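Inside the fold
Residue-level listing of the chains:
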Amino acid sequence: MDSGKVVHRRKPGIPVIGLKASQKSHRHQEVNAKSLDLSKVICLLEDPLTTNLKERHLFVLKKLLKKSQIGFLLKELTAIAKILNICAEKVTDHPEYVSILCEALTICRLPFLKEKTSDELHYAQDVTEFLSHMGCLMRVSDAEVRQLIFECVKSFYSSVAPKQMLDGLQPTSPGYRLQLLERSELAQTLLLSMATLENQPTIKLQLLHILQILSSCSDMNCSSILHARGAETVCLHMNDHDPTGQVLFRSSEILWNLLERGNKEVVTAQLGTLECVLSLKEAFFHLLNTGSGHSDLQLRNDLLVITTLIAESPGSQLIESSFAKQLVVFSTFPELKSHNPLIRNLKLSYSNEDLKMKKLLLNLLVVMSRDLAALQLYKEEHVVLALLALMKPPVASLSECQSGSRHWSAAQKEELQLQALATLATIGPLMLEEYISCEGSTCLLLLLDWCVGPDSYLGQGHSFHATGGRGGKKAQTRHCIRVLRSVTSLGEESVNQDLCDQGIINQLLGILMQIDAGPDEDDVVALEIKSDIQVILSTLCETDMHRKELFGSEGVEMAVHFLKKGSDKFYSGLGHNKLVLSTVDCVWSCVVGCYTTEDYFLVKDGVFLLLNLLSTSPRCVHGVVLATLLELCDNPNTVPYILTWRDGNGQTAPRLLLQLWREEEEELGVPRNQHGSIADPQRPIHSLFQLDEAQLSFPANVPSAAVLEMSENLRSKIYSVFCKIGFQDLPGLLGKDYVTLTIIRRYLDFKVGEVWDEISRELSLEGVRPISPDQEALSTICKIAEDTAKRIVEEQNSILEHHQKEDIREEKLTYTEHFIGHVVGVESTDAQGPAGVKVTLVRTPVRAPSQDKGEPTIPNPDYFSTASSAD
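This section reports on the structure supplied with the text. (Residues numbered from 1 in each chain as written. Predicted model: local features only at pLDDT ≥ 70, side-chain atom pairs only at ≥ 80, totals over all residues. Heavy atoms only, no water.)

**Details of the pattern of salt bridges**
A pair can form between side chains of opposite charge whenever their charged atoms are brought close. Selection criterion: Only one rule defines a salt bridge in this text: a Lys or Arg side-chain nitrogen within 4 Å of an Asp or Glu carboxyl oxygen. Think of it this way: any DSSP run of H or I at least four residues long counts as a helix, any run of E at least two long counts as a strand, and we number them from the N terminus. Three labels apply to residues, based on accessible area from a 1.4 Å probe with only protein chains included: buried if under 20% of the type maximum, exposed if over 50%, partly exposed otherwise in between.
Tallied over the full model, the rule gives 41 salt bridges. Lys358 is paired through a salt bridge with Glu335; the nearest N and O atoms lie 2.6 Å apart. Pair noted here: Lys358 is in helix 19 (residues 352–368) and Glu335 is in the loop between helix 17 (323–331) and helix 18 (341–344), with a separation of 23 residues, a long-range link. On the basis of relative accessible area, Glu335 is assigned to the partly exposed category, the value being 21%. Measuring nitrogen to oxygen at the nearest pair gives 2.9 Å for the salt bridge that ties Asp516 to Lys530. Pair noted here: Asp516 is in helix 28 (residues 504–516) and Lys530 is in helix 29 (residues 524–541), with a separation of 14 residues, a long-range link. The network of salt bridges with shared partners includes Glu198, Lys204 and Asp240.

**Things to note about the packing of helix 7 (residues 143–156) against helix 10 (residues 201–216)**
Note the following rule: Axis geometry follows a simple rule: fit a line to the C-alpha atoms, using only the stretch in contact for helices, then measure angles between N-to-C directions, giving values from 0 to 180 degrees. Comment on the angle field: the value is read as roughly parallel under 35 degrees, roughly antiparallel over 145, roughly perpendicular from 65 to 115, and oblique elsewhere. Two helices crossing with the near one rotated counterclockwise from the far one by less than a right angle form a left-handed crossing, whereas a clockwise rotation gives a right-handed crossing. Whether two residues are in contact is decided by their heavy atoms: any pair within 4.5 Å suffices. Think of it as three bins: nonpolar holds Ala, Val, Leu, Ile, Met, Phe, Trp, Tyr, Cys and Pro, charged holds Asp, Glu, Lys and Arg, and polar takes everything else, Gly as well.
Taken N-terminus to C-terminus, the directions of helix 7 and helix 10 make an angle of 20°; their axes are 10 Å apart at the nearest point. As judged from the angle between their axes, helix 7 and helix 10 are roughly parallel. Crossing angle aside, the handedness with which helix 7 passes helix 10 is left-handed. Counted together, Ala143, Arg146, Gln147, Phe150, Val153 and Lys154 of helix 7 and Ile203, Gln206, Leu207, His209, Ile210, Ile213 and Leu214 of helix 10 form the full contact between these two elements. Partitioned by chemical class, the residues of the contact of helix 7 with helix 10 number 8 nonpolar, 3 polar and 2 charged.

**Things to note about the packing of helix 14 (residues 264–271) against helix 16 (residues 294–312)**
Between helix 14 and helix 16, whose axes approach to 9 Å, the crossing angle comes to 100°. What the angle tells us is that helix 14 and helix 16 run roughly perpendicular. The residues of helix 16 that touch helix 14, namely those facing Lys264, Thr268 and Leu271, are Ile306, Leu309, Ile310 and Glu312. Taken together, the residues that form the contact of helix 14 with helix 16 break down as 4 nonpolar, 1 polar and 2 charged.

These figures come from the coordinates and say nothing about function on their own.
Here you go:
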């Protein structure tokens, strides 16, 4: 046997298919003949002489499809699409062509075929166009054709096993059609076909299912659908007659997919039209009044979420459609009794789905509150009163539990109570008149008393707003404080005075210390409550001397207590940073300005604590601490405390301020030499920011760079503090500190010079030349500023020279007292190297000038010492 041949066992009667060149050529000829047949088929269908030969057409087309039972070749798809398009046009007058379309669409469910691996890339555009043409076949009104189109699309998402392949042909990769489907116009075309399905509800439902599939797993499909205003189209058809209820469900799912995977702004803009809002309104009321099953209630809530997203979009027609007014009415039910026909016969099952609807309605109130027209609706429907009723302590609703009527469970009431508080925190400040008329402050203070009361209330902690409140009333305390903070922050004197008259200052101080003494004083919720309370106290006391007095010694004790905690946990991520800042702000607003509280703060070492915080806290805290110290310096008793302070390393307050100045100038990029002296007398305190803005001209109502710079860094505050404590006889300074101090002392002069220099430069940039006397005065002023800087440079050099001489003198004195003597003995030890040599020195005592030279000198034993060379 020839070793070069391979023998295969085959069944009798089956010819051997080899791979000889002649056979390959024959196969390609067959394929070419088939391609040629396609062109002849198209010619047969389009030629005016043969266009009416229907029987001939059907015979040829069936023969063609029979040859393609295993699938269409990629390179044939362009011709196949044209043939199908011609058949679709003939269907109107000749329904016999429907069977051809159906058989062709059945074959389209199979994977396309390729001859070479590169065919997938080479014919990608042909496949994309074929899929787009397939969607256009929806214009054929036959239900079977449309259903087969849907089946084709479904087959793209499932792995249909290809039939037996001919030699040399392979199916395309599984995700090939899906990838090209996204690039085609199939999804858009299917959507547009919905308008033609009014008389085919079953087909319309199937179309919605296909659109749901297409939109659920492809962002590109969603974009294509939205490009054809798909959200609007689906919404307008969601209430079409459908005994099964599936049309509304499918429509809702499609809208959700478009919101999640498409452009949310585009979706809400399409749904925000008056027609769409009315359609959503109709669907919602239908489910509200007739829905009873769990799925119906879920769908109702889904539509409410979509409505909320629409409300977030500017220009939505919720109010114009009256949908908003009706939803506001529902949000107050069942807390408020109403004769409105919308809710007269409305009954709640108090299920979890009803709870979700109630919470969604409360959330919708927050979203719509951005529209002033919505606030008028809230006023008409007494929304604030309903919220205050919802947030009452559980004890206040005990009568409802005893009546025997259906009601919210304890866990549900807790969720609604917290949701109502969160809603009131937003709506209360916007509806202050209604808040006052409903005695909102009194209700909040009563709730706050209940929150810190002794009764054993076990919070469930199930909802988002109940975070950290499980097993107690911390969540209620948190949200109650939030409402008070939002209301007091408006600065409405009548509201704040009412709160103070009811004793809120002492009440908040007690709650603050009670929470800080608790076991969870360092968790996120507790830290937020404490910082919010301090913010409320600062807001109430900032401009009122009597309230500062009410803050009194108890408030000072609180502030000192929190200042002692320091800033070690500033970057913990739990909220310690806010607590540090709110504590300092509390000192500034509640202590500063009232001498009695200021003096008590000083006695309690408050200034020492502020300076400790200044020396250890991050840079972002320095501004508010310095500002507080500066305000305290108006009290004459403050300066001695500042000058007395020392940190753990013995550093004084003036030296700390000078160090902060140098760090600030380094951050600003101010040019200084190696000794910290002025490097450029023409720009003694210029920052890099000012140099960048040097060539710009500012409008009259915009502060210039020199002025703006004063409010954005610490130098002006440090200068002001030194103006209070003085520039002379400051303790604990070194040579470089005196160099820096000379700059600070002239800071205001330099800043004035900067402003005049900016004026001169802006006049030059704008082409304005002052009159000669003004120009001379301007030049003189600028020269004075530069001369001042030069004098400061000379003074700095003198200071450096003096301290250098002083250092040399001290070095000589030290050398004279300790290192001049006589070697009287050398002793070797066992140690290696220089450490093994022990040297004994005798030192000559220094005689006082008044000592009698004739008196015998007796060596002082202290002057003898033994030193090792290792020392």
